[in-house]
Amino acid sequence: MDFGFQIQDIVKKVDLKKINPFNQTSSTKESDNLDYAYPCENYISAVISNPASKYSLKKFFDSKIKSELAKIVGESIEITAKSSPRLYGIIRHCCEILSIDNKPKYYICPKLKGVNSLTVGDDENPALLISPLAVANLSNSELSFIIGHELGHVAQKNLICHTVKGALDTMSKWSDALGPIVAELIEVPLNKWYRCSEYTADRAGLLCCGNIQSAFSVFDKASRQKKSISSIFDSYNELSCDHPIISNRIKELKKFSLNNSVKR
């Protein structure tokens, strides 16, 4: 069965709303304003606005993530029109499709192994990392999906939650990092929000590539690779993570495409 995705109608809707991922005065429920957002009833915004939660997340980010992220970025190659015109062109295309005016920094990151990509940081300083193997082995359409997926995370806001969640998943107990009270408070809503966030990011990727078979191909290539863990970020493999599992992401993406002008 061939799913040929037509995106013109959705793109027109997205273009009506210029999403500025650096606007810190906007609502914490930014994903509610995205026409392609996956519907998710959750209370994560109320939880992270709690002073104790906000303090614990920020402290964990500053003490455990910020310095390592700076080191990883320092060892990466920034993607510019001069250094990588192919990737830069795809990024510009995806930013236009998703109406993202202020763009984050983009890097080819040698520390990311296999077919992999990652968005980290906070809403003020997001960074998009992509593995060398992804750049070398993926087609333009597949790269559009993977880059669009990452930009979907930027557009949703609450990026610090996304970054901290990935790092916490490498630890045996969240309470070791956040303390028992805060860990118990945020674990359930953060996990639920993360699953919804992945579905929304997948939709953003599909809007960018316009070809659901390219999305499936990326899932297949990512899920077949072996993980090699050497740092807090290396096990944070978004496109093959278990929250949610790949089969559910494919199922949800099919539903989205079928409900938005798909030709068989």
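As a reminder, the structure under discussion sits directly above these lines.
Structure report, in brief. (Residues numbered from 1 in each chain as written. Predicted model: local features only at pLDDT ≥ 70, side-chain atom pairs only at ≥ 80, totals over all residues. Heavy atoms only, no water.)

**Topic: the pattern of salt bridges**
- A full pass over the atoms with the stated rule returns 7 salt bridges.
- The closest approach of N and O atoms between Asp62 and Lys58, which form a salt bridge, is 2.8 Å. In this pair, Asp62 and Lys58 both sit in helix 3 (residues 51–74), 4 residues apart, roughly one turn of the helix.
- We classify Lys58 as partly exposed; its relative accessible area is 38%.
- Salt bridges sharing common partners tie together Glu198, Asp202 and Arg249. (Salt bridge = Lys/Arg side-chain N within 4 Å of Asp/Glu carboxyl O. Helix = DSSP H or I, 4+ residues; strand = E, 2+ residues; numbered from the N terminus. Buried < 20%, exposed > 50% of the residue type's maximum accessible area, 1.4 Å probe, protein only.)

**Observations regarding the packing of aromatic side chains**
- Under the counting rule described, the total for this entry stands at 2 aromatic pairs.
- Ring geometry for Tyr38 and Tyr199: centres 4.6 Å apart, planes at 45 degrees, overall tilted. Within this pair, whereas Tyr38 is found in the loop between helix 1 (8–15) and helix 2 (44–48), its partner Tyr199 is found in helix 9 (residues 180–209), the two being separated by 161 residues in sequence.
- Relative accessible area serves as the criterion here: at 11%, Tyr199 is assigned to the buried category. (Phe/Tyr/Trp six-rings, centres within 6.5 Å; stacked < 30°, edge-to-face > 60°.)

**Observations regarding the pairing of strand 5 (residues 127–130)**
- Residues Ala127 and Leu129 line one face of strand 5 and the alternating positions Leu128 and Ile130 line the opposite face, and both faces are buried.
- As paired strands, strand 3 (residues 105–108) and strand 5 are joined by 4 bridges and run parallel to one another. Residue Ile108 lies in a different strand from strand 5, and its bridge partner there is Ile130.
- As paired strands, strand 4 (residues 117–120) and strand 5 are joined by 4 bridges and run antiparallel to one another. (Pairing = 2+ DSSP bridges.)

**Observations concerning the nonpolar core**
- Within the largest apolar cluster, 39 residues are counted, with the highest numbers of intra-cluster contacts made by Tyr36, Leu98, Ile130, Ile147 and Leu151.
- Sorting the residues of this core by element identifies helix 4 (85–97), strand 3, strand 5, helix 5 (132–137), helix 6 (140–156), helix 9, helix 10 (212–223) and helix 11 (246–258) as the ones contributing at least two each.
- Counting residues in hydrophobic clusters, the runner-up holds 20 residues, among them Val47, Ile65, Ile160 and Ala183. (Core = buried A, V, L, I, M, F, W, Y, C linked by side-chain atoms within 4.5 Å.)

**Comments concerning the state of the cysteines**
- This structure, assessed with the given rule, holds 1 disulfide.
- In this structure Cys209 is a free cysteine whose sulfur lies 7.7 Å from that of Cys208, the closest cysteine sulfur available.
- According to the relative accessible area criterion, Cys209 is buried, its value standing at 15%. (Disulfide = S-S within 2.5 Å.)

**Digging into the environment of Ser56**
- Position of Ser56 relative to the elements: it lies in helix 3.
- According to the relative accessible area criterion, Ser56 is buried, its value standing at 12%.
- Distance in space between the C-alpha atoms of Ser56 and Ala177 is 8.4 Å, their sequence separation being 121 residues.
- Beyond its immediate chain neighbours, meaning those up to four positions away, Ser56 contacts Leu178 and Val182. (Contact = heavy atoms within 4.5 Å.)

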